[in-house]
Amino acid sequence: MNTAQFISSPISKTISATSFTWRTPSNIALVKYWGKYGAQLPKNPSISFTLNACFTLTTLEIVKLEKKEKEVSFEIFFEGKKEPSFKPKIASFFKKIEAYVPFIFDYKFVIKSRNSFPHSSGIASSASGMSALALCIMSLEKALNPAISKTYFNRKASFLARLGSGSASRSIEGPVVLWGKYKKIAGSSDVYAIPLPNKIHENFKNYHDTILLVDKGQKQVSSTVGHDLMHAHPYAANRFEQAFENVEILSKILETGNLKAFINLVEHEALTLHAMMMTSNPYFILMKPNTLQIINKIWDYRAATNSNICFTLDAGANVHVLYPEKEKEKTIAFIQDNLLVYCENNQYICDRLGLGAKPMSVK
Ligand code: PMV
């Protein structure tokens, strides 16, 4: 694991004032990451679909300080309002990345962020939020050191984002991303994510993810606590081994376009993630009765129509309904007629596979 490659080289250039804006997507894991060690390193590799409609838009305003500060100096605005409650999380992120981007002590930052999805919708904003901030910092590094390559830029953005939130490492590029070292996949790494190098079959082009907002309440268990519970988990070793195998199987499925095999693997992964939570100690059930109603309706519909609809779950009660572009009309009609009754205020978000983060105005 070569992390020294991400320490920025000495910089002589300075910039008096500028700003960078990035639009960065959320992502949904198909093979799940659940269990970590050390500096946010994954116990197993994971594969995700990069999303498109669920994103964070972050502007980083930058002004050169007269004198270097000991702590990174910043303010944060969320959805137009000053949000001091977000400061501790961002301050701890800056602490984790400072050794790799020491130039941050030379500037004062104003962070202005908003999400495309409703706040407290139960959709984790840490992946899109942390990756957006990491990309803005990388834009500053690129402005100070224009020689850095695109590959280095993306890898380091993923590396920095990972230190904020593991799954954020998968929100830089698209459409399918792998995070975690897997010896059979060249270029894979525990310290940053890469686009899955395999060819992706046409069947997965524009794949849809309709997110059903079952429960918008506060999570019962933070992901940090959840990951920690895997340390003493009686089934952890088998689970990690299985995830390694599933990375290999899924990467082949994505290449061959076998949708039935995809459905089986993705649903099995989702339920395994929840089984890990249910069998940790303390134990948690993050699904709600309506989560199970939706899953059963999906299974009934699939059995009756031979549709390729399937579901996956995050660490919460919301359901991500996945289906191919070809089945779009029929599936949306099915969702609207049969599944929305199980959503809080009938709320859902139509998303699909995306290509990764976009710079909005790099000066
Ligand atoms: O990135 P974290 O630490 O919030 O962990 C996310 C874990 C899951 O969303 C449950 C699974 C995953 O791989 O994204």
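This text goes with the structure placed above it.
Residues numbered from 1 in each chain as written. Predicted model: local features only at pLDDT ≥ 70, side-chain atom pairs only at ≥ 80, totals over all residues. Heavy atoms only, no water.

Some remarks on the side chain of T50
Put simply, the rule reads: Secondary structure counts use DSSP, requiring at least four H or I residues in a row for a helix and at least two E residues in a row for a strand, with both numbered from the N terminus. Here the term buried applies to any residue with accessible area under 20% of the maximum for its type, exposed to any over 50%, and partly exposed to those in between, with areas from a 1.4 Å probe on protein chains only. Here a polar contact means two N or O atoms within 3.5 Å. Within protein one must be a hydrogen donor candidate and the other an acceptor candidate, and residues neighboring in sequence count only if both atoms are side-chain atoms. For this analysis, residues touch if any pair of their heavy atoms sits within 4.5 Å.
Positionally, T50 belongs in strand β4 (residues 46-64). On the accessibility criterion, T50 (0% relative accessible area) is buried. A distance of 2.7 Å separates a polar side-chain atom of T50 from the backbone oxygen of E173. In this structure T50 touches P25, S26, N27, R170, E173, G174, P175, V177, R352, L353, G354 and G356, once residues within four positions along its chain are discounted.

A closer look at the site of the ligand
The criterion, for reference: Near residues are defined by distance, with any heavy atom within 4 Å of the molecule or strand qualifying the residue. Accessible areas in this description were obtained via Shrake-Rupley with a 1.4 Å probe; residue shielding takes into account the shown protein chains only. Gly is put with the polar residues, along with every residue not named as nonpolar or charged; the nonpolar set is Ala, Val, Leu, Ile, Met, Phe, Trp, Tyr, Cys and Pro, and the charged set is Asp, Glu, Lys and Arg. A domain assignment, automatic or from a database, supplies the domain bounds used here.
The ligand sits among 13 residues. The nearest are Y33, S167, R170, S223 and D314. Relative to its unbound accessible area of 380 Å², the ligand is 91% covered by the protein chains. When the residues that make up the shell around the ligand are grouped by side-chain class, the tally is five nonpolar, five polar and three charged. Residue assignment places the shell around the ligand across two domains, with domain 1 (15-198) and domain 2 (202-352) each supplying three or more.

Quick notes on the environment of L322
Position of L322 relative to the elements: it lies in strand β12 (residues 319-323). L322 sits 112 residues away from T210 along the chain, and the two C-alpha atoms are 6.6 Å apart.

A closer look at the sheet that holds β12
Sheet strands pair via backbone hydrogen bonds, and the direction of the pair is either parallel or antiparallel. How we decide: Strands were regarded as paired on the criterion that DSSP finds at least two bridges between them. Structural elements are reduced to axes, namely lines fitted to C-alpha atoms, with helices fitted over the stretch in contact, and the angle between N-to-C directions of any two is expressed from 0 to 180 degrees.
If you trace the four strands from one edge of the open sheet to the other, you get β11-β12-β10-β13, paired in antiparallel fashion. A strand with exactly one partner marks an edge of an open sheet, and here the two such strands are β11 (310-313) and β13 (348-352). The sheet shows a mean angle of 25 degrees between the axes of neighbouring strands, direction not considered. Looking at chain direction, strand β10 (residues 208-212) and β13 are connected through five bridges and run antiparallel. For D209, the partnering residue across the bridge sits in β13 and is D351.

Focus on the packing of helix α1 (residues 87-97) against helix α2 (residues 126-144)
Going by this rule: If an angle is under 35 degrees, it is roughly parallel; if it is over 145, roughly antiparallel; if it lies from 65 to 115, roughly perpendicular; otherwise it is oblique. Working rule for handedness: look at the near helix, and if it is turned counterclockwise from the far one by less than a right angle, call the crossing left-handed; if clockwise, right-handed.
Where α1 contacts α2, the axes come no closer than 12 Å and their chain directions differ by 50 degrees. Considered as vectors, α1 and α2 are oriented oblique to each other. Regarding α1 and α2, the two cross each other, and that crossing is right-handed. Contact residues: α1 offers K89, I90, F93 and F94, while α2 offers S126, M130, L133, A134 and I137.

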